[in-house]
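Here are the chains, one letter per residue:
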Amino acid sequence: MLPFPILTFCLMMMWMLLNGFTLGHLILGSLVGFAAGWALASLRPEKPRLKKWYLLPKLAAIVVVDIFRSNFSVARLIVMGKKRPNSSGFILLPVQTENPFALAVLAVILTSTPGSAWLEYDSRNKTVLLHVLDLIDRDEWVAMIKNRYEVLLLEIFE
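Scope of this entry: the structure provided in the associated data block. No experiment lies behind these values; they were computed from the predicted model shown.

**Points about the pairing of strand 1 (residues 89-94)**
- Side chains Gly89, Ile91 and Leu93 project from strand 1 onto a buried face, and the interleaved Phe90, Leu92 and Pro94 project onto a face without burial.
- Bridge count for strand 1 against strand 3 (residues 127-132) is six bridges, and the pairing is antiparallel. Paired with Phe90 across the strands is His131, a residue of strand 3.

**Here we look at the sheet that holds strand 3**
- Reading across from one edge, 1-3-2 is the order of the three strands in this open sheet, with antiparallel pairing throughout. Both outer strands of the open sheet, strand 1 and strand 2 (116-122), are each paired with one neighbouring strand and no more. Adjacent strand axes in the sheet meet at a mean angle of 25°, parallel and antiparallel pairs treated alike.
- Across six bridges, strand 2 lies against strand 3 in antiparallel orientation. Counterpart to Asp122 in the pairing with strand 3 is Thr127.
- Helix 4 (residues 100-112) rests against strand 2 and strand 3 of the sheet, and its axis sits at about 150° to strand 2.

**Concerning helix 4**
- Between its first and last C-alpha, helix 4 extends 18 Å over 13 residues, near the 18 Å set by a 1.5 Å rise per residue.
- Those residues of helix 4 lying buried are Ala102, Leu103, Leu106, Ala107, Ile109 and Leu110. Taken down its axis, helix 4 places every buried residue within 165° of arc, on the same side. Every exposed residue of helix 4 that faces more than 90 degrees away from the buried side is listed here: Pro100 and Val108.

What counts, and at which threshold
- Residues numbered from 1 in each chain as written.
- Predicted model: local features only at pLDDT ≥ 70, side-chain atom pairs only at ≥ 80, totals over all residues.
- Heavy atoms only, no water.
- Buried < 20%, exposed > 50% of the residue type's maximum accessible area, 1.4 Å probe, protein only.
- Helix = DSSP H or I, 4+ residues; strand = E, 2+ residues; numbered from the N terminus.
- Pairing = 2+ DSSP bridges.
- Axes fitted to C-alpha atoms, helices over the stretch in contact; angles between N-to-C directions.
- Contact = heavy atoms within 4.5 Å.
- Expected span 1.5 Å × (residues − 1).
- Arc of directions from axis to C-beta.

Here's what the structure looks like:
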């Protein structure tokens, strides 16, 4: 049985549309579709286990509010221009979780918030390298991320 029959069919049809409708391209397009479907099936991750799923709306609300606040802060920095000294920098953030789903959600949160970017995760040291546009106090940033996001993610996923 095919793991992704619709994907297989769509890839085969795309192959045919791009290369022409011949028997050779039908066979080759089918092989490409089957191979891609099986390859994708082997990459399928396990399903996330949410221990306290009811905390997801709270996390989403916090993230939406933080994104709006950050948008205004970044806009203010851009409008002020050279009036303020450049204070961007890097933070090495220690994290408690090793759960890949919690780390992925944290990466999305930090990267989607204007003014911050997730750059690297070091699994040996359990640290995340972040770039922050308006970095004034490193300890304040670390405490904010750990208290606002990581605590909730630990409750949700672990």
